[in-house]
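What follows is the residue order along each chain.
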Amino acid sequence: MAGQQLKVLDALDVAKTQWYHFTAIIIAGMGFFTDAYDLFCISLVTKLLGRIYYHVDGATKPGTLPPNVSAAVNGVAFCGTLAGQLFFGWLGDKLGRKKVYGMTLMLMVVCSIASALSFGHTPQSVMATLCFFRFWLGFGIGGDYPLSATIMSEYANKKTRGAFIAAVFAMQGFGILAGGIFAIIISSAFKARFNAPPYEVDALGSTVPQADYVWRIILMVGALPAALTYYWRMKMPETARYTALVAKNAKQAATDMSKVLQVDLEAEPQKVEQLEREKSQFGLFSKEFAKRHGLHLLGTTSTWFLLDIAFYSQNLFQKDIFSAVGWIPPAKTMNALDEVFKIARAQTLIALCSTVPGYWFTVALIDKMGRFAIQLMGFFFMTVFMFALAIPYDHWTHKDNRIGFVIIYSLTFFFANFGPNATTFVVPAEIFPARLRSTCHGISAASGKLGAIVGAFGFLYLAQNKDKSKADAGYPAGIGVKNSLIVLGVINVLGFLFTFLVPESKGKSLEEMSGENEDNGAEAEA
């Protein structure tokens, strides 16, 4: 059955871990580093934007972004990402992974710089320009998801493929960390140069005019890592699986991989033609696809959707949780730059202690434990810790218990990353046929971003205080943080259940997982 496998693909499956594997991880991973930096750095500066553009004379608290503006600034990049995942995922299967890979990167570089240059005469025009460019920034970021995962899975050998794809995704952790560290450096530098009194002492003077540069510099630096890897992305050859199985050019595939693997590989045009004749070319919307991969696609989309509701609702509202437990003092006791510094410091600590280690635990253990076990375990512990935070929530708000709250909160993050946040990215790149791989990964990722939008927008309103007078300015009363955490716990239980639809791909070749070999073998025997 698997005797029909092309030698060039066999060679990739059994190749020892070599230098080119690591260069591929860095080249694909730097895209993810940039993605995470760009998506999460906005949450570091939203309070600053409120102070600069929505200051109200005589108010007891500093200005904040109105609810609709806050939701737009935080969420518009996600809308762009969702559209980009679907569009570039489809394009990656049509034109080839490599051709589309450079486009997404250039879009990210241009829009990072443009979003930092958002100018206007009124606060509304500045925010509108910012949202416009962050949408297109998200569109470019969206393309990186299916393409990076597919390229890495098609380059990797079957023994360590999970670790390689997870390592690309794990660069997100460093991106979040870099965003926090850079914001700390910039805010400290500006604070040292332009000191200002706290808001309660001098409302207008607490936000120095130079603070307007701070958020722009933080956003603009996102363009750097992406720009640095553009050249190397263009030098990467197209993946052999795309060239041989989709573009049907066996000779080119053998030539490209001979250079990469540094071994002589023969082209097998006859075998490609034979595979072509024997293979049933079912499309994405065919009955055959639904029969073979329908449940798999439901599994990958539903688990990613449910995970991202929980993951992003926490991540975007970290700063609110920190304020609630007193890690960040009340806004009126700080000046504008102080507030950026304290929010960035808190986010960096969480990233350092839980986010980054969680990703690398996955990298280390995914090919030993398997994707299925890690995903189940992650959802299980996320559920446990969410309920541990939610049920005795009043207990955690007392000053003496704050550190305990932060530890459990960090553990939730740790098991999201040593769990479904990494595996939902890895599995869709392994279980679908080569000609639909990028598209199906894009669909799964877009479903996740839909969850992120629900998490980001929905919980912005849900987590508000039940008492309207205590809710943030302009928001209706919500169900409170405690009930929101209970809802998130229930979502994690659903994620645990839907994981049973996803197959285990540990140690198997891509063709074995997607059933592409069975097509050929069955028909050859007939």
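Residues numbered from 1 in each chain as written. Predicted model: local features only at pLDDT ≥ 70, side-chain atom pairs only at ≥ 80, totals over all residues. Heavy atoms only, no water.

K.L.:
Looking at this structure, how should I read a nonpolar patch on the surface?
P.N.:
Taken together, the side chains of Leu295, Leu298, Val490, Val493, Leu494, Leu497 and Phe498 define a hydrophobic patch exposed on the protein surface, amounting to about 570 Å² of accessible area. Those elements that provide at least two residues to the nonpolar patch are helix H12 (287-316) and helix H20 (480-498). Here the nonpolar patch takes five residues from H20, the largest share from any one element. On the secondary structure map, leucine 298 appears in helix H12. Looking at leucine 298, the relative accessible area reads 40%, which means it is partly exposed. (Patch = residues over 30% accessible without salt bridge, like charges linked within 9 Å, V, L, I, M, F, W, Y side chains within 5 Å. Areas by Shrake-Rupley, 256 points an atom, 1.4 Å probe, with all protein chains shown as cover. Salt bridge = Lys/Arg side-chain N within 4 Å of Asp/Glu carboxyl O. Helix = DSSP H or I, 4+ residues; strand = E, 2+ residues; numbered from the N terminus. Buried < 20%, exposed > 50% of the residue type's maximum accessible area, 1.4 Å probe, protein only.)

K.L.:
Even after reading the chapter, I still don't get the packing of helix H5 (residues 123-155) against helix H19 (residues 434-462), so can you show me in this structure?
P.N.:
A pair of packed helices can be characterised by two numbers: the angle between their axes and the separation between those axes. Contact pair H5 / H19: the axes reach a minimum separation of 8 Å and the direction vectors enclose 135°. On the basis of the axis angle, H5 is oblique to H19. Between H5 and H19 the crossing geometry is right-handed. Within the contact between the two elements, H5 uses Tyr145, Pro146, Leu147, Ala149, Thr150, Ser153 and Glu154 and H19 uses Ala434, Arg437, Ser438, His441, Gly442, Ala445 and Lys449. When the residues that make up the contact of H5 with H19 are grouped by side-chain class, the tally is six nonpolar, five polar and three charged. (Axes fitted to C-alpha atoms, helices over the stretch in contact; angles between N-to-C directions. Parallel < 35°, antiparallel > 145°, perpendicular 65-115°, else oblique. Left-handed = near helix turned anticlockwise from the far one by under 90°. Contact = heavy atoms within 4.5 Å. Nonpolar A, V, L, I, M, F, W, Y, C, P; charged D, E, K, R; others polar.)

K.L.:
Sorry, what's going on with the state of the cysteines here?
P.N.:
Should the sulfur atoms of two cysteines be covalently bonded, the bond is a disulfide. Taken as a whole and assessed by the stated rule, the structure comprises zero disulfides. Left unpaired, cysteine 79 is separated from the closest cysteine sulfur, that of cysteine 131, by 9.8 Å. (Disulfide = S-S within 2.5 Å.)

K.L.:
Help me out: how do you make sense of H20 in this one?
P.N.:
Every α-helical turn comprises 3.6 residues, leaving residues that sit three or four positions apart pointing alike. Look at H20: 28 Å from first C-alpha to last across 19 residues, which is about the 27 Å you get at 1.5 Å a residue. Here H20 has its buried residues at Gly480, Ser484, Leu485, Leu488, Gly489, Ile491, Asn492 and Gly495. (Expected span 1.5 Å × (residues − 1).)

K.L.:
Help me out: how do you make sense of the packing of aromatic side chains in this one?
P.N.:
Between two aromatic rings, the relevant description is the distance of the centres plus the angle of the planes. All chains considered together, the criterion is met by 35 aromatic pairs. Counting every residue linked through ring pairs, the aromatic cluster contains Phe361, Phe380, Phe381, Phe385, Phe414, Phe415 and Phe418. Above the ring of phenylalanine 341, the side-chain terminus of lysine 191 is found at 4.1 Å from the ring centroid. Positioned above the aromatic ring of tyrosine 101 is the side chain of arginine 233, whose terminal nitrogen or guanidinium carbon lies 3.6 Å from the ring centre. (Phe/Tyr/Trp six-rings, centres within 6.5 Å; stacked < 30°, edge-to-face > 60°. Lys NZ or Arg CZ within 6 Å of the ring centre and 35° of its normal.)

K.L.:
Before we go on, may I ask you to explain the packing of helix H2 (residues 19-53) against H5 in this structure?
P.N.:
Close contact between H2 and H5 brings their axes to 10 Å; oriented N to C, the two are set at 160°. Between H2 and H5, the interaxial angle falls into the category roughly antiparallel. The element H2 and its partner H5 pack so that their crossing is left-handed. Residues belonging to the contact of H2 with H5 are distributed by class as follows: 18 nonpolar, three polar and four charged.

K.L.:
Would you explain the pattern of salt bridges in this entry?
P.N.:
A side chain of one charge can pair with a side chain of the opposite charge if their charged atoms are brought near each other. Applying the stated rule across the entire model yields 15 salt bridges. In this structure, arginine 371 and aspartate 367 form a salt bridge, with 3.0 Å as the shortest nitrogen-oxygen distance. Across the pair, aspartate 367 and arginine 371 agree in class, each one buried. By sharing partners, the salt bridges in this structure join Asp93, Arg97, Glu154 and Arg437 into a single network.

K.L.:
What is the right way to look at the environment of glycine 180 in this model?
P.N.:
If you trace the backbone, glycine 180 turns up in helix H6 (residues 161-193). When its relative accessible area of 2% is taken as the criterion, glycine 180 is described as buried. Placed 161 residues apart in sequence, glycine 180 and phenylalanine 341 show a C-alpha to C-alpha distance of 8.9 Å.

K.L.:
Before we go on, may I ask you to explain the confidence of the model for the protein in this structure?
P.N.:
Interpretation of the predicted coordinates at a detailed level should be avoided for regions scoring low in pLDDT. Scored by pLDDT, the protein has a mean of 87; 93% of the residues are at 70 or more. Between the elements of the protein, mean pLDDT differs from a low of 50, seen in helix H22 (residues 516-525), to a high of 95, seen in helix H18 (residues 420-426). Long-range and interchain partners of residues 520-526, a stretch whose pLDDT sits below 50, account for 10 contacts in this model, where long-range means more than four residues apart. (pLDDT = per-residue confidence, 0-100.)

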